[in-house]
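Chains, contacts and geometry: an overview
Given next are the chains, with one letter for each unit.
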Amino acid sequence: MSPTTEPAKFNTLQTPNWCPGCGNFGLQSALKKALGQLGLLPHQVCLSTGIGCSGKMAHWVHAYGLHGLHGRTLPVAAGIKLANHELTVIAEGGDGDGLSEGMGHFIHACRRNLDFTYIIHNNGVFSLTTGQASSTGRQGRETATTPHGAIEPPFSPTALAIASGASFVARGFSGDVEHLKDIYVQAISHKGFAFVDVMQVCVTYNREKSYPWYQDRIHKLTPDNHDAQDRNGAMALAMGGTDEQLSVGVFYQDNRQAYEAALPQLAVAPLVDQPIGGVDLTALMNELT
Ligand code: SF4
């Protein structure tokens, strides 16, 4: 077992300006603890974040980071992983960022199975832009863009990830940092695409889903009550969830080969460490100019 790292190694000099009580503090704390438990150091980790309150994570976790375009955190993370597959790559974004703008990327990231972790801060609302309805918000909920109540039903990102071929699928809660840390440790250790849907409290624009609201409904998955290798069972669980019982833990995991393991170009060394001196780029440059 590798030695652990003090989570404070991932602190930055900036103080997060999330609203007091925001669930993002829980996700940030769980991530630093997980990276520390895995014995990782800041120069071994790279975050790719989208636009939204959650996107600030790249600023407030001391590691490499790129705070990119809305909905594009997954292709950026994929590029980082392919350029240097020895990095621990973590993509983070909100439900608005990843399940509206970035939905197409999500499905293909699941089936492609590159070895990185994707964490969705799922608060059921576009929060940075002051409270518009998102695709995971409750049907009938009144928001800035649904003043008479949302007409469409929400969908389950957990079920979509399983259906799309993700090799690790889990769900956590921002109000249980230790449990969330344990899920992150498993997700980051997994060799393939690991998706974690985190039910994140937004105390400003989604007050109906408060900490007590979630705590009353949380149901923890364990090996005794759920077989994470049973894909059909995981799908049934993800599809059958109701607001009366919210399962958290590892829904599904398999061991299929990660995408980059099939690339002979990466077998020698990460691309960033390979010499490019002998490569003739003339034809490419001529085509581009
Ligand atoms: Fe957190 Fe919501 Fe405030 Fe954004 S608006 S910082 S998600 S509580």
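Quick word on the nonpolar core
The biggest cluster of nonpolar side chains holds 29 residues, and the ones touching the most others in it are Leu74, Phe106, Phe116, Tyr118, Phe193 and Phe195. Elements supplying a minimum of two residues to this core: helix H3 (73–83), strand S3 (88–94), helix H5 (103–112), strand S4 (117–122), helix H6 (157–163), helix H9 (231–240) and strand S10 (246–253). Beyond its immediate stretch of four places on either side in the chain, Phe193 contacts Leu74, Ala109, Cys110, Asn113, Leu114, Asp115, Phe116, Tyr118, Ala166, Ser167 and Phe168. In terms of nonpolar packing, the next biggest core, distinct from the first, is built from 28 residues, Leu31, Ala34, Ala187 and Ile188 among them.

A look at the site of the ligand
Neighbouring residues of the ligand: Trp18, Cys19, Cys22, Cys53, Asn123, Ser127, Gln200, Cys202, Val203, Thr204 and Tyr205. A breakdown of the residues in the shell around the ligand according to their chemical character gives 7 nonpolar, 4 polar and no charged.

Here we look at the packing of helix H1 (residues 24–37) against helix H7 (residues 177–189)
Look at H1 against H7: their axes get within 8 Å of each other, and the N-to-C directions meet at 50°. As judged from the angle between their axes, H1 and H7 are oblique. At the point where H1 passes H7, the crossing takes the right-handed sense. Between H1 and H7, the contacting residues are Gly26, Leu27, Ser29, Ala30, Leu31, Lys33, Ala34, Leu35 and Gln37 on the first element and Val177, Glu178, Leu180, Lys181, Tyr184, Val185 and Ile188 on the second. Residue classes in the contact of H1 with H7 are distributed as 10 nonpolar, 3 polar and 3 charged.

Brief notes about the sheet that holds strand S1 (residues 45–49)
By way of backbone hydrogen bonds, the strands of a sheet pair with one another, either parallel or antiparallel. If you trace the 8 strands from one edge of the open sheet to the other, you get S2-S1-S3-S4-S8-S7-S10-S9, paired in mixed fashion. Single-partner strands in this sheet number two, and they are strand S2 (64–67) and strand S9 (218–220). Between one strand and the next, the sheet's axes are offset by a mean angle of 20°, whatever the strand orientation. The pairing of S4 with strand S8 (residues 194–199) spans 6 bridges and is classified as parallel.

As for the pattern of salt bridges
Summed over all chains, the structure comprises 7 salt bridges. Of the charged contacts, one joins Lys220 and Asp176 as a salt bridge, the two residues approaching to 3.0 Å between their closest N and O atoms. Pair noted here: Lys220 is in strand S9 and Asp176 is in the loop between strand S7 (168–173) and H7, with a separation of 44 residues, a long-range link. Since its relative accessible area comes to 40%, Lys220 is described here as partly exposed. Ionic pairing is found between Glu178 and Lys181, a salt bridge with its closest N-O pair at 3.6 Å. Of the two residues, Glu178 and Lys181 are both situated in helix H7; the distance of 3 residues between them amounts to about one turn of the helix.

With respect to the environment of Gly172
Its place among the elements puts Gly172 in strand S7. For the pair formed by Gly172 and Trp213, sequence separation is 41 residues and the distance between their alpha carbons is 15 Å. In contact with Gly172, other than residues within four places in its own chain, are Leu180, Ile183, Asp197, Val198, Met199 and Val248.

Describing the environment of Ala258
Within the secondary structure, Ala258 is located in the loop between S10 and helix H10 (282–288). Put simply, Ala258 and Asp115 are 143 residues apart on the chain and 5.8 Å apart in space, counted from C-alpha to C-alpha. Here Ala258 is in contact with Asn113, Asp115, Lys191 and Gly192, once residues within four sequence places are set aside.

Definitions and limits used
Residues numbered from 1 in each chain as written. Predicted model: local features only at pLDDT ≥ 70, side-chain atom pairs only at ≥ 80, totals over all residues. Heavy atoms only, no water. Core = buried A, V, L, I, M, F, W, Y, C linked by side-chain atoms within 4.5 Å. Buried < 20%, exposed > 50% of the residue type's maximum accessible area, 1.4 Å probe, protein only. Helix = DSSP H or I, 4+ residues; strand = E, 2+ residues; numbered from the N terminus. Contact = heavy atoms within 4.5 Å. Near = heavy atom within 4 Å. Nonpolar A, V, L, I, M, F, W, Y, C, P; charged D, E, K, R; others polar. Axes fitted to C-alpha atoms, helices over the stretch in contact; angles between N-to-C directions. Parallel < 35°, antiparallel > 145°, perpendicular 65-115°, else oblique. Left-handed = near helix turned anticlockwise from the far one by under 90°. Pairing = 2+ DSSP bridges. Salt bridge = Lys/Arg side-chain N within 4 Å of Asp/Glu carboxyl O.

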